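Here are the chains, one letter per residue:
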Number of protein chains: 2
Amino acid sequence: MSDVYKALADETRRAILDELVRRDEQTLFELVNRLISAHGLSSSRQAVSQHLAVLEDAGLVRVERRGRYRIHHLDTGPLRAITERWPVALGDPSNTPNAHRKEKT
Amino acid sequence: MSDVYKALADETRRAILDELVRRDEQTLFELVNRLISAHGLSSSRQAVSQHLAVLEDAGLVRVERRGRYRIHHLDTGPLRAITERWPVALGDPSNTPNAHRKEKT
DNA sequence: TTGACATGCAAGTAAACGCTTGCATATCGT
DNA sequence: ACGATATGCAAGCGTTTACTTGCATGTCAA
């Protein structure tokens, strides 16, 4: 499994995740159309396909074949690695476990 | 302010954040030494300096001048944008507000 | 002031990235 | 079977990125 952080580094890929949050289980074509019509992006089918490959490699998107369609469904699980690595970033500002740690060296 | 996601895309920059979580308020030299001795990275001073510029630009690191030193201190605030954008990624697996949203279009 | 220390700045380079182009494969409806 | 639909694969290209190199600036201690 590849790098979750690198997968998030591209705005088009983030828009794809947004779109899958809005409606899960979309095909490549549906995603391309939505990116263009609702996200102001002009992404070709091949571009989106490659982005989906990156997202899939990062574990953020799971793919299921249905006939000639590829259904993409969101898996936000890997994102948890980010909040666990720097625990401060939780929604509640008062909940910042490691914000005032003392040094060790 | 630049892209938080792109700032996180590099492993060395993530190690810098880790290091600042362990001990906040470090200088460039301290960070370079720690990255080498404790994180298994061989980063030059200039490389780390440029990484810090990226992190600063993303709002993840604040800088304070103290005489001839530059003290770097961590600000995890911008990371909250990630958890707010895809709210599923909170620490608690049962807390997944948007995981089963219905479609709109 | 002088030398050592800590950092700043900018040009150059190799690799990675995002995208396009062109063609191939596979599935459905008729 | 046949055309249309939906996706797969891979080479090529321009841009960005991370890094190095070389020198400049600024601060401290003596």
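Up top is the structure these notes are about.
Now for a description of the structure that goes with this document. Please read all numbers here as calculations on a predicted model, not as lab measurements. (Residues numbered from 1 in each chain as written. Chains lettered and ligands numbered in written order. Predicted model: local features only at pLDDT ≥ 70, side-chain atom pairs only at ≥ 80, totals over all residues. Heavy atoms only, no water.)

1. Topic: the protein's contact with DNA strand D
Now for step 1: Contacts to DNA strand D come from 20 residues, most closely from A:Arg70, B:Arg13, B:Ser44, B:Gln50 and B:His51.
Now for step 2: Counting only the atoms of DNA strand D within 4 Å of the protein, the fraction contributed by sugar and phosphate is 63%.
Now for step 3: At 3.0 Å from a base oxygen of DNA strand D is found a side-chain nitrogen or oxygen belonging to A:Arg45.
Now for step 4: One of the side-chain N or O atoms of B:Gln50 is found 3.0 Å from a base oxygen in DNA strand D.
Now for step 5: Elements supplying a minimum of two residues to the surface near DNA strand D: helix 3 (28-39), helix 4 (45-57) and strand 2 (69-74) of chain A together with helix 4 (45-57) of chain B. (Near = heavy atom within 4 Å. Polar contact = N/O pair within 3.5 Å; in protein donor to acceptor, adjacent residues only side chain to side chain. Helix = DSSP H or I, 4+ residues; strand = E, 2+ residues; numbered from the N terminus.)

2. As for the pattern of salt bridges
Oppositely charged side chains can pair when the atoms bearing their charge come close.
Now for step 1: Applying the stated criterion across every chain yields a total of 22 salt bridges over all chains.
Now for step 2: For the salt bridge of B:Arg85 with A:Glu11, the shortest nitrogen-to-oxygen distance reads 3.5 Å. Here A:Glu11 lies in helix 2 (residues 11-22) and B:Arg85 lies in helix 5 (residues 80-85), a pairing that spans two chains.
Now for step 3: Looking at A:Glu11, the relative accessible area reads 38%, which means it is partly exposed.
Now for step 4: One salt bridge in this structure joins A:Arg70 and A:Glu56, with 3.1 Å as the shortest N-O distance. Taken together, the residues span a long stretch of sequence, with A:Arg70 in strand 2 and A:Glu56 in helix 4 at a distance of 14 residues.
Now for step 5: Owing to a relative accessible area of 32%, A:Arg70 belongs among the partly exposed residues under this scheme.
Now for step 6: Residue A:Glu56 is classed as partly exposed on the basis of its relative accessible area of 34%.
Now for step 7: The structure contains a network of salt bridges with shared partners spanning A:Asp3, A:Arg85, B:Glu11, B:Arg14 and B:Asp18. (Salt bridge = Lys/Arg side-chain N within 4 Å of Asp/Glu carboxyl O. Buried < 20%, exposed > 50% of the residue type's maximum accessible area, 1.4 Å probe, protein only.)

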